[in-house]
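# Working through the structure, step by step
Chain residues, written in single-letter form:
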Amino acid sequence: MLSYIIRSFTMSKTRNNSIDVLKGITALLMILGHTAYFTGRGSDTTLALIIGIINLTTFSVFLFLSGTGMFLSYLRPDISNEEFKAEKGKITHKALKLLLSYYLIALIAILPETLSPSFDLLPKIIRILLLIDIPSYVEFLIPFIFFYMLIYFLRPVIKSITNSIIYTIIFSILLYIVGTIYYSVDLPHELIFIKSILVGHSDWYRFPILQYSSVFLLGAYFGKLIAYKDQAYENRTKKIMTFILFLVASIPFIYQLIFNKNGAQLTRWPPDPMFLLLGISYVTMMLFILEKYLGKIKFRFLTFVGRNLFDYYIIHLVLLYLFKYTINHSFSGNADFLIYFCLIVILGTLIVYFSNSHNVLSPLRERFSLRSFDSVYFRIFYVGVGIWIV
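Note that the coordinates shown come from a computational prediction; the quantities given were computed from them, not determined experimentally.

## With respect to the overall build of the chain
Across its full length, the chain holds 17 helices and zero strands. With 390 residues in all, the chain has 49% of them scored as buried. Surface accessibility of the chain: about 20,000 Å² in total, with carbon and sulfur atoms responsible for 66%.

In structure tokens:
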């Protein structure tokens, strides 16, 4: 079935939308989940199923597809070393943009604390800048920054690994084992923040890089299969890989269904193997369904969201924090909650559209933008944050 996806990508002369659509779906689910937590409904039993799916899939989808995109942009075999050197500036720029986004949301998140007379602002800002204190909803940005820089410095190594499914699996397992071993190692208090980022730490909400490397590497290998054309071996390997992932991920649930047993709770900080397998399987199956069965449907709105994923991430968190700090309304029913969610999506879409696509703002964007910092609101936010700090 996944060979169908490969044929569609390699044979089509236009951009295939299935990845953008999946990004769009996942972005809307992410906004729904964040809205639930911001309004205190994250533990609501009526939303438990959808929140569970969101927690299981969101980060894995984005990291997997990030690996796919990075392979197609920087690791393809037809990209020479000279061409890559010309693209290295874009990698650092994208990593810097993610880092600045982390700082933006982190500073907005601590706004209420600054109102306290006893609050010491400078040490808090330093701890945020050094990634010691990482507020909620921005912790997943750090692995993306890391993998961008990994491509920048170790492109030949990553390219060699993801060129082979055997090497990809071996290094995925090896990195997971190393991360799991060092997760249980006690380090001095001053080094715990580094440990939490790399391998995780008890009760710290971090997406540990080593354990999640398998998602990125398999996503990059997926990109490699898309980049190659007319290779029966690669098609067969892709089908086998997905079949094994789905089979292994399904065994515990079949066991529970037959024997009525309660399995262990899936964890993501750090992730257990089943969490990773389910997330990766979800990505490949969704791409297959979107491409083979829903490929003729345009999904214009989802495509728009997927192609402007970064903007939606920034905007929806700013809006959620803004409403929390100003209105802070409690929602007693699902209807009110869903209306609030739709309001966030609609307002976010309007802001993204007017700041990126509207003809009236095009002259402003061309006049004031720097490279990929092409959103007017993005620059306004940083001016506002600068004024607030001063």
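## Points about a nonpolar patch on the surface
There is a patch of nonpolar side chains on the surface, built from F146, L187, L191, I194 and L198 and spanning about 370 Å² of accessible area. For L187, the position within the fold is in the loop between α8 (165-183) and α9 (192-198).

## Here we look at the packing of aromatic side chains
For any pair of aromatic rings, the description rests on two quantities: the centre-to-centre distance and the angle between the ring planes. Applying the stated criterion across every chain yields a total of 22 aromatic pairs. Measuring from ring centre to ring centre gives 6.3 Å for F304 and Y312, while their planes differ by 85°; the resulting arrangement is edge-to-face. Residue classification places F304 among the partly exposed positions, given a relative accessible area of 22%. What links up through ring pairs into an aromatic cluster is the set F59, F140, F144, Y205, F207, Y212, W269 and Y313. Above the face of the Y152 ring, K88 is positioned so that its terminal group lies 4.3 Å from the ring centre. Sitting over the face of the ring of F84, R155 holds its NZ or CZ atom 4.6 Å from the ring centroid.

## Structural notes on empty space enclosed by the protein
Scanning all chains against the criterion turns up one cavity of 30 Å³ or more. Its boundaries defined by the atoms lining it, the largest cavity holds a volume of some 30 Å³. Lining the largest cavity, in full, are I134, E139, I142, P143, I197, R206 and F207.

## Quick notes on unusual backbone geometry
Note that the residue after W269, namely P270, is joined by a cis bond; omega there is 0°. Among the secondary structure elements, P270 is positioned in the loop between α11 (232-259) and α12 (273-292). Backbone geometry places Y137, a non-glycine residue, at a positive phi of 75°. Within the fold, Y137 resides in the loop between α6 (121-129) and α7 (141-162). Here Y137 falls in the buried class, since its relative accessible area comes to 17%. In this structure, D203 is a non-glycine residue whose phi angle is positive, near 70°. Topologically, D203 is positioned in the loop between α9 and α10 (209-227).

## Focus: the pattern of salt bridges
The full count for this structure, using the stated rule, is six salt bridges. A salt bridge links D78 to R76; its shortest N-O distance comes to 2.8 Å. A salt bridge links K90 to E87, with the nearest nitrogen and oxygen atoms 3.5 Å apart. Here the residue K90 and the residue E87 both occupy positions in helix α4 (residues 81-109), the gap between them amounting to three residues, near one helical turn. Via salt bridges that share partners, K124, R127 and D133 belong to a single interconnected network.

## As for the confidence of the model for the chain
For any part of a model where pLDDT is low, the fine detail of the predicted coordinates should not be relied upon. Mean pLDDT over the chain stands at 82; residues scoring 70 or higher make up 78%. Contacts from residues 1-14, a stretch scored under 50 in pLDDT, to residues over four places away or in other chains number 33 contacts. Note that pLDDT drops below 50 for residues 369-374; the model gives that stretch 19 contacts with residues more than four away or on any other chain.

## Re the nonpolar core
In this structure, Y102, I105, I151 and Y313 are the most contacted members of the largest nonpolar core, which totals 101 residues. Residues within four places of Y102 in sequence aside, it is in contact with I128, L131, D133, I134, P135, V138 and L141.

## Quick word on the environment of T180
In this structure, T180 sits in helix α8. Separated by 20 residues in the primary sequence, T180 and G200 place their C-alpha atoms 8.6 Å from one another.

## Some words on the packing of helix α3 (residues 48-75) against α7
For the pair α3 and α7, the least separation of the axes is 11 Å and the interaxial angle reads 55°. Comparing the axis directions of α3 and α7 gives the class oblique. When the axes of α3 and α7 are compared, the crossing they make is right-handed. When α3 is examined against α7, the residues F59, F62, L63, S66, M70, F71, Y74 and L75 are found in contact with a partner set consisting of P143, F144, F147, Y148, I151, R155, I158, K159 and T162. Among the residues making up the contact of α3 with α7, the classes are represented as 13 nonpolar, two polar and two charged.

## Side note on the packing of helix α2 (residues 18-38) against α3
At their nearest, the axes of α2 and α3 sit 9 Å apart, and the two run at 140° to each other. Judged by the angle between their axes, α2 and α3 are oblique. Viewed along their axes, α2 and α3 form a crossing whose handedness is left-handed. Two secondary-structure elements touch here, α2 through I19, L22, K23, T26, A27, L29, M30, L32, G33, A36 and Y37 and α3 through I50, I51, I54, N55, T58, V61, F62, L65 and T68.

Basis of the calculations
Residues numbered from 1 in each chain as written. Predicted model: local features only at pLDDT ≥ 70, side-chain atom pairs only at ≥ 80, totals over all residues. Heavy atoms only, no water. Helix = DSSP H or I, 4+ residues; strand = E, 2+ residues; numbered from the N terminus. Buried < 20%, exposed > 50% of the residue type's maximum accessible area, 1.4 Å probe, protein only. Areas by Shrake-Rupley, 256 points an atom, 1.4 Å probe, with all protein chains shown as cover. Patch = residues over 30% accessible without salt bridge, like charges linked within 9 Å, V, L, I, M, F, W, Y side chains within 5 Å. Salt bridge = Lys/Arg side-chain N within 4 Å of Asp/Glu carboxyl O. Phe/Tyr/Trp six-rings, centres within 6.5 Å; stacked < 30°, edge-to-face > 60°. Lys NZ or Arg CZ within 6 Å of the ring centre and 35° of its normal. 1 Å grid on protein atoms, 1.4 Å probe; cavity = no way out; pocket = protein on both sides within 12 Å on 5 of 7 lines; lining within 4 Å. Points joined across faces, edges and corners; volume = space filled by probe spheres on them. pLDDT = per-residue confidence, 0-100. Contact = heavy atoms within 4.5 Å. Core = buried A, V, L, I, M, F, W, Y, C linked by side-chain atoms within 4.5 Å. Axes fitted to C-alpha atoms, helices over the stretch in contact; angles between N-to-C directions. Parallel < 35°, antiparallel > 145°, perpendicular 65-115°, else oblique. Left-handed = near helix turned anticlockwise from the far one by under 90°. Nonpolar A, V, L, I, M, F, W, Y, C, P; charged D, E, K, R; others polar.

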